[in-house]
Amino acid sequence: KEGHTFKCCVCVCVCVCVCVQMGYANPQQTAAGIHTRLYSRAFIIDDRRRRVLFVTADVGMISQRLRLEVLQALQVKYGDLYRQDNVVLSGTHTHSGPAGYFQYTLFMITSKGYIKSSIEPLVNGIVKSIDRAHSNMKPGRIYRSTGELGDSSLNRSPHSYLNNPEDERHRYKQNTDKQVTVLKFTDLDGDGIGMLSWFAVHAVSMNYTNRMVSSDNMGYASYLMEQDKNPGELPGQGGFVAGFSSSNLGDVSPNTKGPHCVNTGLPCDYLNSSCPVGGTKLCKAFGPGEDMFDSTRIIGHNIYRKAKELYGSAVEEVTGFLHFAHQWVNMTDVTVQINSTHTATTCKPALGHSFAAGTTDGGGDLNFTQGAVEGDPFWDGIRDALVGKPSNQTQACHHPKPILFSTGEMNKPLPWHPEVVDVQIIILGSVAVVPVPGEMTTMSGRRLREAVRQELQSDGAFRDLEVVIAGLSNIYTHYITTYEEYQVQRYEGASTIYGPHTLSAYLQKYRGLARAIAQDRVSELPVGPQPPFFQNNLISLLAAAGVDGKPENSSFGDVLDQVLPVYRQVGHTASLRALYFTHACFSQKTPLHKTFVTVEIYDNRTNTWEVVYTDASWETRFHWLKGSNRQSNSTVEWHIPPAAPSGSYRIRHFGHYMLRRFPQPIINPYEGVSDVFEVAASFYYQ
């Protein structure tokens, strides 16, 4: 109905002590700086009958543990207002955010365990964004718009895609979804207060060599839109909030130059994405820019530009009522109808050999290749000795996948993979949002959207319906390929953990939710088995933080390399290196709303310093280098933009250090500041 009451979020920065980054499954990829900040953006919509909450967070994915802890915190604050059935948490899929917020063993192994200093700031930041949205509800309207964005995505497994039925493929112009969907939020006066967008592309423009916290291309799109709509405000401030959510990105890469062998420059092998010399490790896909920062900028700007265009042209009002449905499903035991005479079942979780090969966005270190449909005696022997051989039943269920890890049969110290999974649909009038618990490939997403649309429109209840997929939502279960793509067993198929009929099971379950909504029978849906919330055996492989040291006759925050006296506005970087050692990575004690870095300009009118950039700004980079003798230092860079006003500037750096005291260590703040320097249009050396 018209005149919805809704709130588009005020967002909050989630700054964590990131010691391991999540996404490339590399425990050695430890964070050593900040490129851009990570944010949670919450959108609450209320039609005076029901309420829904959608959160898009700059994290790799939403884990089951993260969702459960957020729901627990919301229950304490708001009772039954926000629940598992009307709350969606979705990750943007940046691969440069924190790890350590999972409760299943496989993820704990690759993330150095369950890390409280990672999950607590994530929970607090997400809940804070929800609090702010909740307290700022106002009457308003929603408009929708769709368009297509080219030159920003590439199918990284075209061989798998081509295994889908030919007649199905011919229904689509591209082998990736180019559609961008935008929801425009305004108040009753028509003034914009927010935007929510969906586009299918991996947030891996920042590649596996990156060691800086970064929201990647989707986060940069949000940054640009919010800076555009909140002129003069620092990042994370201002009333307008722009959420860019993930979608069916499973086989979609932003590295649009495609894969090449880095040692020869020649294209990689088409079938298994490897090189004659160097294997999969030297087969890498490259983005459109000169380096990963430039590629992030280009792809993020493309997404922002299209979303801004659609936001400006959005005139079709979203009308109708809110609906939602949710179930927990044991995905290891779902029976699906294959045809009129045959059924099949899903499987206990397992990962195939090609899982270890990685992708062209980040290949594995060992001699695995994509497309493996037979095991390797060497690696199978090592697996059998370390974790045991897969059962015959599980091997048969996953055929033709050669199983590397039968994670559904591995339960020490805790289960290696989840069994119970969320399935959910929320409907905002004429827009259906389908949160999926993993990474759906392009064709899988197309089939799911069509299935949901058919069920919702079967009784004539929903017309002119837009269906969008919200990826990486509520719980992470790796990939979801079509049955045909699964047969090829590239990385995505090998990572479809519940077997070849995984997508069919999801289609069946989501059809059931949509049918219940269409027939107004949601209350009759069984809740399903509740997921576990493990209290014991949550391992931590992260070493305890040590005390901090410094050279004699020095202080924390001392500047080691000063800035130059003058910089040009174009093409120059002001750099400051300071003595710096923090408590366990960056700082567990720095509040969410604080910054490690400020760039400040002197205001001659008021004789005061004004902050113009922080560590959340695209133009700043904060590097941290751990040294010997418990000492380390940081480098702050300000990449001076052409629009920077001429004037006097300084750079400040903030942090904490820990000293040994009895009975317990103490943590103190410190500050470093550069000399004053000038930024000018030009200068001359004499």
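Note that the structure is a prediction, hence the values are computed from the model and not measured.

**Brief notes about the packing of helix H1 (residues 64–78) against helix H3 (residues 116–135)**
Consideration 1: H3 packs onto H1 with a crossing angle of 45° between their chain directions and a minimal axis gap of 10 Å. By the angle between their directions, the pair H1 and H3 is classed as oblique. In this structure, the crossing between H1 and H3 has a hand that is right-handed. Across the interface between the two elements, Arg65, Leu66, Glu69, Val70, Ala73, Leu74, Lys77 and Tyr78 of H1 pack against Ile119, Leu122, Val123, Ile126, Val127, Ile130, Asp131 and His134 of H3.
Consideration 2: Residues that form the contact of H1 with H3 fall into these classes: 11 nonpolar, one polar and four charged.

**Some thoughts on the state of the cysteines**
Consideration 1: Enumeration according to the criterion identifies three disulfides in this entry.
Consideration 2: Between the sulfur atoms of cysteine 268 and its disulfide partner cysteine 283 the distance amounts to 2.2 Å. Sign of the S-S torsion, about 115° for the bond between cysteine 268 and cysteine 283, identifies this disulfide as right-handed. Of this pair, cysteine 268 sits in the loop between strand E15 (258–261) and strand E16 (283–286) while cysteine 283 sits in strand E16, and the two are 15 residues apart along the sequence.

**Notes on the UniProt feature "active site" (unreviewed entry) in the chain**
Consideration 1: Sequence positions flagged by UniProt for "active site" (unreviewed entry) are, in local numbering, Ser253.
Consideration 2: Along the chain, serine 253 falls in strand E14 (residues 252–253).
Consideration 3: Not counting the four nearest positions on each side in its chain, serine 253 is found in contact with Ser152, Ser153, Leu154, Arg156, Val201, His202 and Asp361.

**A closer look at the packing of helix H6 (residues 216–229) against helix H7 (residues 292–313)**
Consideration 1: Contact geometry for H6 and H7: axes closest at 8 Å, N-to-C directions at 50°. Overall, the two elements H6 and H7 adopt an arrangement that is oblique. Judged by the twist between their axes, the crossing of H6 over H7 is right-handed. Counted together, Asp216, Asn217, Met218, Tyr220, Ala221, Leu224, Met225, Asp228 and Lys229 of H6 and Thr296, Arg297, Ile299, Gly300, His301, Ile303, Tyr304, Lys308 and Tyr311 of H7 form the full contact between these two elements.
Consideration 2: Residue classes in the contact of H6 with H7 are distributed as nine nonpolar, four polar and five charged.

**With respect to unusual backbone geometry**
Across residues other than glycine, the phi torsion is negative in most instances, and most of the peptide bonds are trans.
Consideration 1: For the bond running from histidine 399 to proline 400, omega is 10°, close enough to zero to count as cis.
Consideration 2: Looking at where proline 400 falls in the secondary structure, it is placed in the loop between helix H9 (392–398) and strand E24 (403–405).
Consideration 3: Each neighbour pair has its own omega, and for lysine 412 with proline 413 the value is -5°, a cis peptide bond.
Consideration 4: With respect to the secondary-structure elements, proline 413 resides in the loop between E24 and strand E25 (420–428).
Consideration 5: Even without glycine at this site, aspartate 151 takes up a positive phi of about 60°.
Consideration 6: Within the secondary structure layout, aspartate 151 lies in the loop between strand E9 (138–148) and strand E10 (154–155).
Consideration 7: Here aspartate 216, not a glycine, exhibits a phi torsion of approximately 60°, which is positive.

**Remarks on the packing of aromatic side chains**
Consideration 1: By the definition in use, this model includes 25 aromatic pairs.
Consideration 2: Centre to centre, the rings of tyrosine 613 and tryptophan 638 are 5.6 Å apart; their planes meet at 45°, and the pair counts as tilted. Pair noted here: tyrosine 613 is in strand E34 (residues 608–614) and tryptophan 638 is in strand E36 (residues 632–639), with a separation of 25 residues, a long-range link. Each member of the pair, tyrosine 613 as well as tryptophan 638, is classed as buried.
Consideration 3: Over the face of the ring belonging to tyrosine 172 we find arginine 446, whose NZ or CZ atom lies 3.9 Å from the ring centre.

**Description of the pattern of salt bridges**
Consideration 1: This model, assessed by the stated rule, comprises 32 salt bridges.
Consideration 2: With a shortest N-O distance of 2.9 Å, arginine 65 and glutamate 69 are connected by a salt bridge. One end of the pair is arginine 65 and the other is glutamate 69, both in helix H1 and four residues apart, which spans about a single turn.
Consideration 3: Look at glutamate 69 and you get buried, because its relative accessible area is 18%.
Consideration 4: When the shortest N-O distance is used, the salt bridge between arginine 449 and aspartate 177 registers 2.8 Å. Placement of arginine 449 in helix H10 (residues 442–457) and of aspartate 177 in the loop between helix H5 (166–169) and strand E11 (179–187) is noted, with a sequence separation of 272 residues between them. Across the pair, aspartate 177 and arginine 449 agree in class, each one buried.
Consideration 5: Several salt bridges share partner residues, and in doing so they unite Glu600, Arg650, Arg652 and Glu671 into one network.

**Observations concerning a nonpolar patch on the surface**
Consideration 1: On the surface, Phe378, Ile382, Leu386 and Val387 cluster together into a nonpolar patch covering about 380 Å² of accessible area.
Consideration 2: Positionally, valine 387 belongs in the loop between helix H8 (377–386) and H9.
Consideration 3: Judged by relative accessible area, valine 387 falls into the partly exposed class, the value being 32%.

**Quick word on the confidence of the model for the chain**
Predicted coordinates in areas of low pLDDT are best not read in detail.
Consideration 1: Predicted confidence across the chain gives a mean pLDDT of 91, with 93% of residues reaching 70 or more.
Consideration 2: Across residues 1–18, confidence stays below pLDDT 50; counting only partners more than four residues off in sequence or on other chains, it has 108 contacts.
Consideration 3: Here residues 580–588 scores under 50 on pLDDT; set against residues more than four positions off or in separate chains, the count is 52 contacts.

**Quick notes on the sheet that holds strand E28 (residues 466–470)**
Consideration 1: Pairing in this open sheet of four strands is mixed, and the strands run E18-E25-E26-E28 from one edge to the other. This sheet does not close on itself; its edge strands, each paired only once, are strand E18 (322–330) and E28. In this sheet, neighbouring strand axes are inclined to one another by 15° on average, regardless of whether the strands run parallel or antiparallel.
Consideration 2: When E25 meets strand E26 (residues 431–435), the two strands line up antiparallel, connected through three bridges. Its bridge partner being in E26, isoleucine 427 is matched across the sheet by alanine 432.
Consideration 3: Contacts from helix H13 (residues 502–518) reach E18, E25 and E26, with the element oriented near 40° to E25.

**Looking at the environment of threonine 496**
Consideration 1: Position of threonine 496 among the secondary structure elements: in the loop between helix H12 (491–494) and H13.
Consideration 2: Threonine 496 has contacts with Ala350, Lys401, Tyr479, Ile480, Thr481, Tyr486 and Thr502, leaving out every residue within four places of it along the chain.

**Here's the deal with the environment of alanine 543**
Consideration 1: Here alanine 543 shows up in the loop between H13 and strand E30 (559–561).
Consideration 2: On the basis of relative accessibility, which here comes to 68%, the residue alanine 543 falls in the exposed class.

**With respect to the environment of threonine 620**
Consideration 1: Structurally, threonine 620 is set in strand E35 (residues 620–626).
Consideration 2: In contact with threonine 620, not counting residues within four places along its chain, are Ile34, His35, Val599, Tyr613, Thr614, Asp615, Glu637 and Trp638.
Consideration 3: Engagement of the side chain of threonine 620 in a polar contact is seen with the backbone oxygen of threonine 614, the distance being 2.7 Å.
Consideration 4: Side-chain polar atoms of threonine 620 contact the backbone oxygen of serine 617, separated by 3.2 Å.

Conventions used here
Residues numbered from 1 in each chain as written. Predicted model: local features only at pLDDT ≥ 70, side-chain atom pairs only at ≥ 80, totals over all residues. Heavy atoms only, no water. Axes fitted to C-alpha atoms, helices over the stretch in contact; angles between N-to-C directions. Helix = DSSP H or I, 4+ residues; strand = E, 2+ residues; numbered from the N terminus. Parallel < 35°, antiparallel > 145°, perpendicular 65-115°, else oblique. Left-handed = near helix turned anticlockwise from the far one by under 90°. Contact = heavy atoms within 4.5 Å. Nonpolar A, V, L, I, M, F, W, Y, C, P; charged D, E, K, R; others polar. Disulfide = S-S within 2.5 Å. UniProt positions renumbered as here; feature names shortened; annotations may be inferred. Phe/Tyr/Trp six-rings, centres within 6.5 Å; stacked < 30°, edge-to-face > 60°. Buried < 20%, exposed > 50% of the residue type's maximum accessible area, 1.4 Å probe, protein only. Lys NZ or Arg CZ within 6 Å of the ring centre and 35° of its normal. Salt bridge = Lys/Arg side-chain N within 4 Å of Asp/Glu carboxyl O. Patch = residues over 30% accessible without salt bridge, like charges linked within 9 Å, V, L, I, M, F, W, Y side chains within 5 Å. Areas by Shrake-Rupley, 256 points an atom, 1.4 Å probe, with all protein chains shown as cover. pLDDT = per-residue confidence, 0-100. Pairing = 2+ DSSP bridges. Polar contact = N/O pair within 3.5 Å; in protein donor to acceptor, adjacent residues only side chain to side chain.

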